[in-house]
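Analysis of the macromolecular model
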Amino acid sequence: MKDYIEERAISIANYIIDSNATVRQTAKTFGVSKSTVHKDVTDRLMQINPTLAKQARQVLDVNKSERHIRGGLATKEKYLHQHGSMV
């Protein structure tokens, strides 16, 4: 594995852990795809630093379990902006 990929995988994991970020937020911050973020954390990082990979994975699993709630809140917010405070 190339050095810059290893460094990116470690940086991505640290960012996810420090900021409690989602895959989408992380991908946008690092200018890579969501697939790349996922592969870096699940595959590549397990070879480099399994402990860090597990920590990042825990954050991503929590975010994944909460994503339906964030989606509902985003929809509610969108509706309130479009229709005023009718709710």
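Our subject is the structure that appears above.
Everything quoted here is computed from the prediction, not taken from an experiment.

This brings us to unusual backbone geometry. Phi is positive for Asn20, which is not a glycine, with a value near 55°. Of note, Asn20 is situated in the loop between α1 (3-19) and α2 (23-30).

For an α-helix the count is 3.6 residues per turn, leaving residues at separations of three or four pointing the same way. The end-to-end C-alpha distance of helix α3 (residues 34-48), which contains 15 residues, comes to 20 Å, matching closely the 21 Å that a straight helix rising 1.5 Å per residue would cover. At Asp40, α3 shows its largest bend, some 40°. Among the residues making up α3, those that are buried are Val37, Asp40, Val41 and Leu45.

Attention now moves to the packing of aromatic side chains. Applying the stated criterion to the full structure yields one aromatic pair. Taking the centre distance of 5.6 Å and the plane angle of 80° together, the rings of Tyr15 and Phe30 count as edge-to-face. Pair noted here: Tyr15 is in helix α1 and Phe30 is in helix α2, with a separation of 15 residues, a long-range link.

Core analysis: the biggest nonpolar cluster contains 13 residues, and Ile12, Ala13, Ile16, Val37, Val41, Leu45 and Ala56 have the highest contact counts within it. Elements with a minimum of two residues in this core: α1, α3 and α4 (50-83). Looking at this core, the element that brings in the most residues is α4, giving five residues. If near-sequence neighbours (up to four positions away) are discounted, Val41 is found in contact with Ile12, Ile16, Met46, Ala53, Ala56, Arg57 and Leu60.

Another point: α1. In this model α1 runs 24 Å from its N-terminal to its C-terminal C-alpha over 17 residues, within 8% of the 24 Å that 1.5 Å per residue would give. Within the span of α1, buried status applies to Ile5, Arg8, Ala9, Ile12, Ala13 and Ile16. Buried residues of α1 fall within an arc of 130° about the axis and therefore sit on the same side. Of the exposed residues in α1, those oriented more than 90 degrees away from the buried face are Asp3, Tyr4, Glu7 and Asp18. In the segment just after α1, Asn20 is the residue with positive phi, at about 55°.

In this structure the tally under the stated criterion is four salt bridges. Across the pair Asp43 and Lys39 runs a salt bridge whose closest N-O atoms are separated by 3.2 Å. In this pair, Asp43 and Lys39 both sit in helix α3, four residues apart, roughly one turn of the helix. We classify Asp43 as partly exposed; its relative accessible area is 37%. The shortest N-O distance in the salt bridge between Asp61 and Arg57 comes to 3.1 Å. Taken as a pair, Asp61 and Arg57 lie in helix α4 at a separation of four residues, close to a single helical turn. Taking relative accessible area as the criterion, Asp61 reaches 38% and is therefore assigned partly exposed.

About the criteria used
- Residues numbered from 1 in each chain as written.
- Predicted model: local features only at pLDDT ≥ 70, side-chain atom pairs only at ≥ 80, totals over all residues.
- Heavy atoms only, no water.
- Helix = DSSP H or I, 4+ residues; strand = E, 2+ residues; numbered from the N terminus.
- Expected span 1.5 Å × (residues − 1).
- Bend = angle between axes of the 7 residues up to and from the residue.
- Buried < 20%, exposed > 50% of the residue type's maximum accessible area, 1.4 Å probe, protein only.
- Phe/Tyr/Trp six-rings, centres within 6.5 Å; stacked < 30°, edge-to-face > 60°.
- Core = buried A, V, L, I, M, F, W, Y, C linked by side-chain atoms within 4.5 Å.
- Contact = heavy atoms within 4.5 Å.
- Arc of directions from axis to C-beta.
- Salt bridge = Lys/Arg side-chain N within 4 Å of Asp/Glu carboxyl O.

These figures come from the coordinates and say nothing about function on their own.
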